[in-house]
Amino acid sequence: MENMMAKLTEQLIRDGIVSKGDVAKLVRRRPPLKITLANMISENVIDLQRLEEYVARKVRTGDISFFQLRALEDEGLKIEPIIRRVAEELHVQYVDLDEKEIDVELFSRVPYNQLLRYHAIPVEENDLGILIVFEDPLDMGAQDALQRLFPRKPIQVGTSLPRKIEEVLQRMEVSESLKEYIDEIRRDLKDGGGEKEEGESPAVLKLIDLIFKNAVINRASDIHIEATEKSCVVRDRIDGMLTQSFIFDKDIFSPLASRIKLLANLDIAEKRKPQDGRITTQVSGREFDFRVSTLPTLLGESIVLRILDKSKVLVKLEEAGMSEFCYNRFTEAIKVPYGIVLVTGPTGSGKTTTLYGALNAIKDVKDKIITVEDPVEYQMPGIQQVQVNPHAGLTFASALRSILRQDPDKIMIGEIRDTETLRIAIQAALTGHLVLSTLHTNDAISAVTRIIDMGIESYLVSGALVAIQAQRLVRKICPYCKTTEVLTPHVMEEIRPYIKTDRPVFYHGAGCKECNNTGYLGREMISEVLPISDKLSRMIAANASKEQLTEQAMKEGFITMFEDGINKALAGETTVAEIFRVARL
């Protein structure tokens, strides 16, 4: 994808559509802006209409293929107007697949693997011919192949958005396969009697693959499989909210749960104790880790799978969604030679992702970096990663003691859970190591008082702490249905102190098919960064109260997470309601 972007940027410069100097300005920005089409448009490096005309011309001449348009869409270019323009010039029908009902009987007349191979969908049949939507309407081989499958009528070529074609193909596979798999599992259970109950039916594996694929398509972070009184429910957590994906009859739960436990190397006979495991598998050509957790409940077991996309491990700090102010303060903090930098927030607020981003930013061949995690979520090259194993006596504290004998320069501790681990981390920070870790507190300043409450002497805390970042994840407004909103006088009054402009404009998502009528699509971080200045350090050593520390931080220009969120709402990235939901302390 990056190669595609680099190639297009070169072409744009060569053809005089953009200047080299303007592109260079994006890179020189602080934080540097990644060269994407969205950034080029927002920074007025290129005019949107001119870009659309240029790309359409390149598609028509074959310099850019229809398949490469997907990569450009990922770079922030809306490709629907381009495809419509090309379709018009090629005298090919543009089909909005959201508005067209697919003829299932017609669809089933073609082998599914053929449609998948050619990225094509038979949409409807009329007296004159059969309308087939192709991702690439210039692919004559695909048209000939499908014409042979419909020898009695000529095919009419149509085209549509690539991701819509993919969605329909996947949806049709899901609905076709689901019924088939359930019937097959039941047949296997019936034929095998009791012996096949433990998930040995091959159809169970296909059903699991379908559940995984559906979750990945929907950008889910977790899959919840639960037994209820009358059924088996599968829910996906998308942008922090659970939505129901499948509902099966109760008899499907036992083979499904057993097979997942088998894949995760868990004891399938043990249903009275919680268990943890891991499944590594490929979904739609990409490698994923599924962290499995089982918990006994009254009606069976609750199984939760955390989805870890291995391709997203090398997250860059500047792409994490931090505001420029917070980014600058945090990157300055992690560049210090020694001390402790903490990232705080509740579970699921992106703390681990921030830590990986920080490691990415500071890793250097000259430094020995060791991490201790429970479990290791992503494997990073050039870094020694230790996974705690309490059963073998390898706890956070014991691992840390051993790590310090390994001559490290920088240490990352997945989570500080107890006083012993915290004390070793503080000592390591005071003896010349940079320590990065996470803590569960509501805000940055609370972390100071929490550490002291855990029994660490205030003079040690003041000497070791470099900075604390508190963060949350907020849902981003769906760009497809984004519209302005009018806030109630009561809400306006509450946020007025944080607004610097006379005429603030706020936005929300009206709800559309792209975002499943939620009004939100994707998530982004809001944060607050508290660098520990000399003055704050002296106050911590003197056991200053939280109120005194807050007052001094404000004098030093501290911006709270709530204010950071309101700034993001003013920038049209999220809603005020979302900021109140996650950041009202």
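An unreviewed UniProt entry annotates the protein as Type II secretion system protein E originating from Nitratifractor salsuginis. UniProt lists a comment for the protein under the heading Sequence similarities (unreviewed entry), and it reads "Belongs to the GSP E family."

Caption draft 1: View of the overall build of the protein. Within the protein, the secondary structure is distributed over 23 helices and 19 strands. Whereas a compact globule of 585 residues would reach a radius of gyration of roughly 25 Å, the protein reaches 27 Å, a difference of no more than 12%. For the protein, the spread of C-alpha atoms along the three principal axes comes to 90 × 70 × 55 Å. Counting all 585 residues of the protein, 50% fall into the buried class. Restricting to contacts in the protein with at least 6 residues of sequence separation, those with at least 24 account for 64%. Here the protein displays about 28300 Å² of accessible surface, and carbon together with sulfur accounts for 49% of that area. Charge-centre separation for the protein: the mean point of 77 positive side chains lies 2 Å from the mean point of 88 negative side chains.

Caption draft 2: Broad picture of the domain arrangement of the protein. If you check the domain split of the protein, you get domain 1 (1-90), domain 2 (95-169), domain 3 (197-309) and domain 4 (317-473 + 525-556). One C-alpha centre belongs to domain 2, the other to domain 4; they are set 54 Å apart.

Caption draft 3: Seen up close, the sheet that holds strand S8 (residues 275-283). Across the sheet, six strands lie side by side as S7-S6-S5-S10-S9-S8; this open sheet has antiparallel pairing. Strand pairing shows two members of the sheet lacking a second neighbour, strand S7 (241-249) and S8, which therefore form its edges. Strand-to-strand twist across the sheet, computed as the mean angle between neighbouring axes with direction ignored, equals 20°. Note that strand S5 (residues 220-227) and strand S6 (residues 231-238) share seven bridges and pair antiparallel. In the sheet register, Ile 223 faces S6, and the bridge partner there is Asp 236. Sheet strands in contact with helix H12 (residues 253-263) are S5, S6, S7, S8, strand S9 (286-297) and strand S10 (300-309), and its direction is about 45° off that of S10.

Caption draft 4: Just the UniProt feature "domain: Bacterial type II secretion system protein E" (unreviewed entry) in the protein, in detail. On the UniProt side, "domain: Bacterial type II secretion system protein E" (unreviewed entry) is annotated at positions that read residues 404-418 here. For residues 404-418, the helix share is 7%, the strand share is 27%, and the end-to-end C-alpha distance is 18 Å.

Caption draft 5: Seen up close, the packing of aromatic side chains. With the rule as written, the count across this model stands at six aromatic pairs. Where Phe 562 meets Phe 580, the ring centres are 5.3 Å apart and the plane angle is 80°; that geometry is what we call edge-to-face. Residue Phe 562 is located in helix H22 (residues 561-570), and its partner Phe 580 is located in helix H23 (residues 576-583); the two are separated by 18 residues in the primary sequence. For Phe 580, a relative accessible area of 22% corresponds to the partly exposed category. Over the ring of Tyr 507 we find Lys 482, and its NZ or CZ is 4.9 Å from the ring centre.

Caption draft 6: Spatial organisation of the nonpolar core. Ranked by size, the top nonpolar core spans 58 residues in total, and within it Ile 340, Leu 465, Ile 468, Ile 495 and Leu 530 carry the most contacts. Considering each element in turn, this core owes the most residues, six residues, to helix H16 (residues 419-430). Of all hydrophobic cores here, the second largest spans 38 residues; its members include Phe 212, Ile 223, Phe 253 and Ile 303.

Caption draft 7: View of unusual backbone geometry. For the peptide bond that leads from Asp 374 to Pro 375, omega is -10°, which places it in the cis range. Positive phi, close to 60°, is recorded for Arg 219, a residue that is not glycine. With respect to the element layout, Arg 219 can be found in the loop between helix H11 (202-217) and S5. Phi at Asp 239 takes a positive value of approximately 50°, unusual for a residue other than glycine.

Caption draft 8: Structural context of helix H6 (residues 80-89). Within the span of H6, buried status applies to Ile 82, Ile 83, Val 86 and Ala 87. In an axial view of H6, the angular spread of the buried residues amounts to 130°, which keeps them on one side of the axis. His 91 sits one or two residues past H6 and shows a positive phi near 55°.

Caption draft 9: The arrangement of the side chain of Glu 184 in detail. As for its placement among the helices and strands, Glu 184 is situated in helix H10 (residues 162-192). For Glu 184, a relative accessible area of 17% translates into the label buried. With residues near it in sequence (within four places) discarded, Glu 184 still touches Ser 201, Ala 203 and Lys 206.

Caption draft 10: Representation of the environment of Lys 482 within the structure. In this structure, Lys 482 sits in strand S17 (residues 482-485). Measuring from C-alpha to C-alpha, the distance between Lys 482 and Asp 183 comes to 43 Å, with 299 residues separating the pair along the chain. At 2.9 Å, the side chain of Lys 482 and the backbone oxygen of Gly 572 are in polar contact.

Caption draft 11: Broad picture of the pattern of salt bridges. Overall, the coordinates contain 30 salt bridges when judged by the stated rule. For Lys 206, the salt bridge is made with Glu 184, and the minimal N-O distance between the two is 3.6 Å. Of this pair, Lys 206 sits in helix H11 while Glu 184 sits in helix H10, placing them 22 residues apart in sequence. A salt bridge links Arg 417 to Glu 415, with the nearest nitrogen and oxygen atoms 3.5 Å apart.

Caption draft 12: Molecular detail of the packing of helix H17 (residues 444-453) against helix H21 (residues 546-555). At their nearest, the axes of H17 and H21 sit 10 Å apart, and the two run at 140° to each other. In this structure, H17 meets H21 at a crossing whose hand is right-handed. Together, Ile 445, Ser 446, Val 448 and Thr 449 of H17 and Lys 546, Leu 549, Thr 550 and Ala 553 of H21 make up the contact between the two elements. Here the residues of the contact of H17 with H21 sort into four nonpolar, three polar and one charged.

Caption draft 13: Summary view of the packing of helix H4 (residues 48-60) against H6. Remark: H4 packs on H6, axes separated minimally by 9 Å, with the N-to-C direction vectors making an angle of 50°. Regarding the angle of H4 to H6, the classification is oblique. Our pair here, H4 against H6, has a crossing hand that is right-handed. For the pair formed by H4 and H6, the contact residues are Glu 52, Glu 53, Val 55, Ala 56, Val 59 and Arg 60 on the first element and Pro 81, Ile 82, Arg 85, Val 86 and Glu 89 on the second. Within the contact of H4 with H6, the residues separate by chemical class into six nonpolar, no polar and five charged.

Caption draft 14: Region of the structure containing the sheet that holds strand S12 (residues 369-373). Spatially, seven strands are ordered S13-S12-S14-S15-S11-S16-S19 in an open sheet, and the strand pairing comes out mixed. Because the sheet does not close on itself, it has two edges, and the strands there are strand S13 (384-387) and strand S19 (520-531). Looking at each pair of strands side by side, their axes are set apart by 20° on average, direction ignored. Pairing between strand S11 (residues 339-344) and strand S15 (residues 434-439): six bridges, direction parallel. Residue pairing for S15: Leu 342 is matched across the bridge by Ser 437. Each of S11, S12, S13, strand S14 (410-413), S15, strand S16 (465-477) and S19 is contacted by helix H14 (residues 351-362), which is oriented at about 165° to S15, the strand it contacts most. In the packing of helix H15 (residues 396-404) onto the sheet, contacts are made with S12, S13 and S14, and the angle to S12 comes to roughly 170°.

Cut-offs used in this document
Residues numbered from 1 in each chain as written. Predicted model: local features only at pLDDT ≥ 70, side-chain atom pairs only at ≥ 80, totals over all residues. Heavy atoms only, no water. UniProt positions renumbered as here; feature names shortened; annotations may be inferred. Helix = DSSP H or I, 4+ residues; strand = E, 2+ residues; numbered from the N terminus. Rg over C-alpha atoms; globule rule 2.2 N^0.38 Å. Buried < 20%, exposed > 50% of the residue type's maximum accessible area, 1.4 Å probe, protein only. Contact = heavy atoms within 4.5 Å. Areas by Shrake-Rupley, 256 points an atom, 1.4 Å probe, with all protein chains shown as cover. Lys, Arg positive; Asp, Glu negative; His and termini not counted. Charge placed at Lys NZ, Arg CZ, Asp CG, Glu CD. Domains from an automatic or database assignment. Pairing = 2+ DSSP bridges. Axes fitted to C-alpha atoms, helices over the stretch in contact; angles between N-to-C directions. Phe/Tyr/Trp six-rings, centres within 6.5 Å; stacked < 30°, edge-to-face > 60°. Lys NZ or Arg CZ within 6 Å of the ring centre and 35° of its normal. Core = buried A, V, L, I, M, F, W, Y, C linked by side-chain atoms within 4.5 Å. Arc of directions from axis to C-beta. Polar contact = N/O pair within 3.5 Å; in protein donor to acceptor, adjacent residues only side chain to side chain. Salt bridge = Lys/Arg side-chain N within 4 Å of Asp/Glu carboxyl O. Left-handed = near helix turned anticlockwise from the far one by under 90°. Nonpolar A, V, L, I, M, F, W, Y, C, P; charged D, E, K, R; others polar. Parallel < 35°, antiparallel > 145°, perpendicular 65-115°, else oblique.

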